[in-house]
Amino acid sequence: MTASSVTVRVPAKVNVQLAVGGARPDGFHDLANVFLAVGLHDEVTVTEADSFALTCAGPGSDQVPLDRTNLAARAAYALAERHGLPEPTVHIHIAKDIPVAGGMAGGSADAAGALVACDALWGTNASRVELLDICAELGSDVPFSLVGGAALGTGRGEKLEPLAVGGEFWWVFAVADGGLSTPAVYGEFDRLSPDAPAEPVASPALLEALRTGDVAGLAATVTNDLQPAALSLFPSLKDTLAAGTSAGALAAIVSGSGPTTAFLCADEPSARAVATALSEASVCHTARVAPSPSPGATIL
Ligand code: C5P
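Residues numbered from 1 in each chain as written. Predicted model: local features only at pLDDT ≥ 70, side-chain atom pairs only at ≥ 80, totals over all residues. Heavy atoms only, no water.

**A short note on the pattern of salt bridges**
Definition in use: Salt bridge, as used here, is a side-chain nitrogen of Lys or Arg placed within 4 Å of a carboxyl oxygen of Asp or Glu. Think of it in three bands: with a 1.4 Å probe and only protein chains considered, a residue is buried below 20% of the maximum accessible area for its type, exposed above 50%, and partly exposed in between. Each helix corresponds to a stretch of at least 4 residues labelled H or I by DSSP, and each strand to a stretch of at least 2 residues labelled E; elements are numbered beginning at the N terminus.
If you walk through the whole model with that rule in mind, you get 12 salt bridges. In this structure, D26 engages R24 in a salt bridge whose closest nitrogen and oxygen atoms are separated by 2.8 Å. Using a relative accessible area of 23% as the deciding quantity, one classes R24 as partly exposed. Measuring nitrogen to oxygen at the nearest pair gives 2.3 Å for the salt bridge that ties K96 to D42. Here D42 lies in strand β2 (residues 29-48) and K96 lies in the loop between β4 (90-95) and α2 (106-122), a separation of 54 residues in the sequence. Looking at D42, the relative accessible area reads 0%, which means it is buried. Salt bridges sharing common partners tie together R82, E130, D133 and E137.

In structure tokens form, the structure reads like this:
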């Protein structure tokens, strides 16, 4: 008997290095994007139904589109089309815990989750290569949501090379009041960085710190080239970054295109203390503690 419902758990990500090149002719930017999956998760449940439906619950879910523009819906339609199914007759339910529009790839995670869940539900048995191919069509961050762990993303971020991680790193994520549009942040990057390099490169020191689990080494090397653009569009994030550093975080950066800010801490107790300080300083909507790395899309 085949299952009538499949649930997949998918992780958020932080970019420990986001090196951005100049705009390409197609409008995208070449990246050296060091992704690290973190322990904040959405759960995507796909159930057989008479016609397509999408629902979402959890913090920020009122901002999530429930039509075919949702990346999770597009993932189901893409897999159905490739396998000659007329329409994905499924109900996709997203239980949200990853900050919405926060620069933590929540929408990309939901797409990877829906794809893996539909593949299992329908028995389409798509190969890993085909799943990654569909992910790359859906968005630059979607392949990483499928694989999780840590990886270097090049091209527009979709070409992945897995990276070894030699230990656990603890983070605090300060969720902002409001969101930032990724295209707007890249647009501001273009305005602020007319001399961006043609070929951004990953930092050998950062990759070594990840490989050896060296938190001080990682804290000394984390960078995000989109940070000046995010701060320009959302200036109050400077106060959030400063509050986390004063509270003892080893490093403070904007997560991806923001506006979530990420604080690397020495260990779990330190992360809990930084989260408490950020909440008490009223410099964010919510402060979340999470370890890394975390696995990619996993069927529960
Ligand atoms: O690939 P994805 O749909 O996630 O990208 C969202 C937007 O972010 C793109 O439309 C583009 O404006 C910007 N982007 C970019 N270069 C990348 C990735 C994203 O300019 N490498």
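**Focus on the pairing of β4**
Let me state the cut-off plainly: Strand pairing follows a simple DSSP-based rule, namely that at least 2 bridges must link the two strands. Every crossover in which the path from the first strand over the helix to the second runs clockwise, viewed with the strands pointing away from the viewer, is termed right-handed.
Taking every second residue as pointing to the same face, the buried face of β4 carries V90, I92 and I94, while none of H91, H93 and A95 on the other face is buried. Strand direction decides the pairing type here: β2 and β4, joined by 6 bridges, are antiparallel. Counted as the bridge partner of E48 is V90 from β4. Looking at chain direction, strand β3 (residues 53-57) and β4 are connected through 5 bridges and run parallel. Within the sheet, the bridge partner assigned to L54 lies in β4 and is I92. The parallel pair β3 and β4, bridged by helix α1 (residues 71-82), forms a crossover whose chirality is left-handed.

As far as function goes, none of this settles anything; it's purely spatial.
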